[in-house]
Amino acid sequence: MMSETETETAAEAETGAVQSLSDLKDLTGEAAAAPEGEAPVVPQAPAAPLREQELDAQGRAYATGRRKDAVARVWIKPGSGKIVVNGRDQEIYFARPTLRLVINQPFQVAERSGQYDVVATVKGGGLSGQAGAVKHGIAQALTRFEPALRGTVKAAGYLTRDSRVVERKKYGRAKARRSFQFSKR
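The present account deals with the structure reproduced in this document. (Residues numbered from 1 in each chain as written. Predicted model: local features only at pLDDT ≥ 70, side-chain atom pairs only at ≥ 80, totals over all residues. Heavy atoms only, no water.)

Here the focus is the overall build of the protein chain. Counting its secondary structure elements, the protein chain contains six helices and five strands. Listing each helix as α and each strand as β along the protein chain from the N terminus yields α-α-β-β-β-β-α-α-β-α-α. When the accessible surface of the protein chain is split by element, carbon and sulfur atoms take 53% of a total near 13200 Å². (Helix = DSSP H or I, 4+ residues; strand = E, 2+ residues; numbered from the N terminus. Areas by Shrake-Rupley, 256 points an atom, 1.4 Å probe, with all protein chains shown as cover.)

In this section: helix H4 (residues 97–109). Spanning 13 residues, H4 covers 18 Å between terminal C-alpha atoms, matching the ideal 18 Å at 1.5 Å per step. Among all positions of H4, only Leu99, Ile103, Asn104, Pro106 and Phe107 are buried. On its buried side, H4 packs onto strand E3 (83–85), helix H3 (90–93), strand E5 (116–123) and helix H5 (127–145). Note on H4: the residue one or two positions beyond its end, glutamate 111, has a positive phi of about 55°. (Expected span 1.5 Å × (residues − 1). Buried < 20%, exposed > 50% of the residue type's maximum accessible area, 1.4 Å probe, protein only. Contact = heavy atoms within 4.5 Å.)

Across its 19 residues, H5 extends 26 Å between first and last C-alpha, which sits within 8% of the 27 Å expected from 1.5 Å per residue. H5 sits mainly inside the fold: 16 of its 19 residues count as buried.

A separate point is the sheet that holds E5. The five strands are arranged E1-E2-E5-E3-E4 in an open sheet whose pairing can be described as mixed. At either margin of the open sheet sits one strand with a lone partner, and together these are strand E1 (61–67) and strand E4 (88–89). Where H5 meets the sheet, its contacts fall on E1, strand E2 (70–78) and E5, and the angle it forms with E1 comes to roughly 150°. (Pairing = 2+ DSSP bridges. Axes fitted to C-alpha atoms, helices over the stretch in contact; angles between N-to-C directions.)

Take it as geometry only, folks, not as evidence of what the structure does.
Following this line, the structure appears as structure tokens:
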């Protein structure tokens, strides 16, 4: 007479169902045993299909970037690396070097510095938020112009919208969490 566990194991063998880790180990132990002298065959995961290139009538790629309260509309096309923001050169619009570094990050990660011209219009927020919005837009537009770069730009985290925004002010508080100054007398 078979015990309860033997009956379950026999039923699993018939149906092919795996109920526990030991069952899984038994299955992989039998399948993984390769003849001596031969390397075990490792199945290759199929590569993700490339997306199509999305260009407008002028041969530009368009994307929208967002950060805090800033929204950037960005167009990129092959060129000499000139970046124009709201009709002004990037050195004039973003005077701080750190903001210009932020804007150029997607190009440096993709190793495409100086290969694309960028035209961007930005509204809302402050300069830091606008620089982040332009960066997000450039990264999105770059992946639409060259879909093969998507993995590189995504791994760097530039395709994800930074959703952090300012916390709202609460009633009975000086700011979002700051209390009014306490006075004992």
